[in-house]
Amino acid sequence: MTLGIATNLEESPAETFTEPLDARALAARVEAGHRITESEALAILGTPDERTLELVAAAGTLRRKHFGNTVKVNYLVNLKSGLCPEDCTYCSQRLGSKAEILKYSWLKPDEAVHQAGLGIAGGASRVCMVASGKGPSDRDVDRVATMIGQIKDEHPEIEVCACLGILKEGQAERLAAAGTDAYNHNLNTAESLYPEICSTHTFQERVDTVGQAKDAGLSPCSGLIVGMGETPEQLVEAVSALRDLDADSIPVNFLMPFDGTPLAGTWHLTPMACLRILALVRLAAPATELRMAGGREMHLRSMQSTALAVANSLFLGDYLTSEGQDARRDLEMISDAGYLVLGQEDIDPAELAARIRHRADEAPARPEAPGCGTACGSGCGSASSRGCGPMGAEPVLRRRGAGTQENPNA
Ligand code: SF4
């Protein structure tokens, strides 16, 4: 069953596209309540590069209607890194991963709360408390509930999202009782591709966990990892499934092909392709928070601020196991493109960036200077010693923030 994009073309033969996509007309129809069909979704993905900015502008009318000129800033805290028994092929924390990521067990609650506070000071209105693993034990849930309770005591206005994997009965309720606002569990890709992506759990388990979170009153957050070799039809299938879930927020991750994982060296995306994918999600779920998430730096590259015309949300600073663009640059990008940070609308985002600079100036110098030193022009702000891949900078392993003695990138 699909609730979003109609995937049975026989249901809507008159809407099968034979003409080039009229993105503006489609966006107007979506605004009037139309739900895009599979053929329209495929036409969006098939938009030629030279017409992709028209598509972005059209999808951007929906973003403006629902989210104005605000950008929601989210901040990740990696509570437990690596050491996962699951085998998700895209993941640097997977069983058998040779990626030289930070590996540590649970952060102490004070450390987790401290890390979250630094992201909040950088403008984040949501902190995402993430732990590797198939799913939490009841003891793990209690541990995270304690951290979340502490964050909510100190920052009652801030949303806290937990991302702990597949939940067992009663765990979502326990998190909700502790004050957790949201739960993230990504579908990642199409059900038809899932057996090639992971053998240790199923797509349905992921769907069920999002349902459990929703039933417990948590705001469901579920998204994608694109660029794993999915076909356009599978991408449409995945977006359709996300529409079925009716998540409140959809993060779109762009595959970071870590060395030491099965998907190392996988580069299927271009900046224009990323924009089309974001436009597809916006047109499929016009009123849903759409986050440009991990991998935006290396795949969108200089088109990141253009992507904000469609996406209304991003992660500030670093990711779970890799380093993102300098958080100051994130905020300057938001300011340069004329947006305001949600919840901080009375401050120019560049001023938030300056506050981060102040804190960073007080920090001990990092052993590596930002910037990869190559001429890729990606503006990745990374500290790669390996140079850049064919489509941009290689993932740079995180060596700061949670689990280290270094100040975080925020
Ligand atoms: S995505 Fe999650 S469950 Fe899969 S390997 Fe990575 S940490 Fe483990």
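Residues numbered from 1 in each chain as written. Predicted model: local features only at pLDDT ≥ 70, side-chain atom pairs only at ≥ 80, totals over all residues.

Turning next to the site of the ligand. Near the ligand, the surroundings consist of Cys 84, Glu 86, Cys 88, Cys 91, Gln 93, Arg 94, Ser 132, Lys 134 and Gly 165. Partitioning the shell around the ligand into residue classes produces three nonpolar, three polar and three charged. (Near = placed C-beta within 6 Å. Nonpolar A, V, L, I, M, F, W, Y, C, P; charged D, E, K, R; others polar.)

The first and last C-alpha atoms of helix H8 (residues 203–215) sit 19 Å apart over 13 residues, in line with the 18 Å expected at 1.5 Å per residue. Turning to H8, its buried residues number three or more, namely Phe 203, Arg 206, Thr 209, Val 210, Gln 212 and Ala 213. In this fold, the buried residues of H8 make contact with helix H6 (171–177), strand E4 (182–184), helix H7 (194–197), strand E5 (219–221) and helix H9 (232–245). Gly 217 sits one or two residues past H8 and shows a positive phi near 90°. (Helix = DSSP H or I, 4+ residues; strand = E, 2+ residues; numbered from the N terminus. Expected span 1.5 Å × (residues − 1). Buried ≥ 20, exposed ≤ 12 C-beta atoms within 10 Å, placed from the backbone. Contact = placed C-beta atoms within 7 Å.)

With that settled, consider the packing of helix H1 (residues 23–31) against helix H3 (residues 49–67). At a minimum axis distance of 8 Å, the contact between H1 and H3 shows a crossing angle of 20°. Judged on the interaxial angle alone, H3 and H1 are roughly parallel. Between H1 and H3 lies a crossing whose hand is right-handed. Contacts between H1 and H3 involve Ala 23, Arg 24, Leu 26, Ala 27, Val 30 and Glu 31 from the former and Glu 54, Leu 55, Ala 58, Ala 59, Thr 61, Leu 62 and Lys 65 from the latter. (Axes fitted to C-alpha atoms, helices over the stretch in contact; angles between N-to-C directions. Parallel < 35°, antiparallel > 145°, perpendicular 65-115°, else oblique. Left-handed = near helix turned anticlockwise from the far one by under 90°.)

What follows deals with the confidence of the model for the protein chain. On average, the protein chain scores 89 in pLDDT, and the residues at 70 or more come to 86%. Confidence drops under a pLDDT of 50 for residues 1–17, and excluding neighbours within four residues, the segment shows 38 contacts in the predicted structure. The low-confidence segment residues 365–391, where pLDDT is below 50, has 53 contacts with residues more than four positions distant or belonging to other chains. (pLDDT = per-residue confidence, 0-100.)

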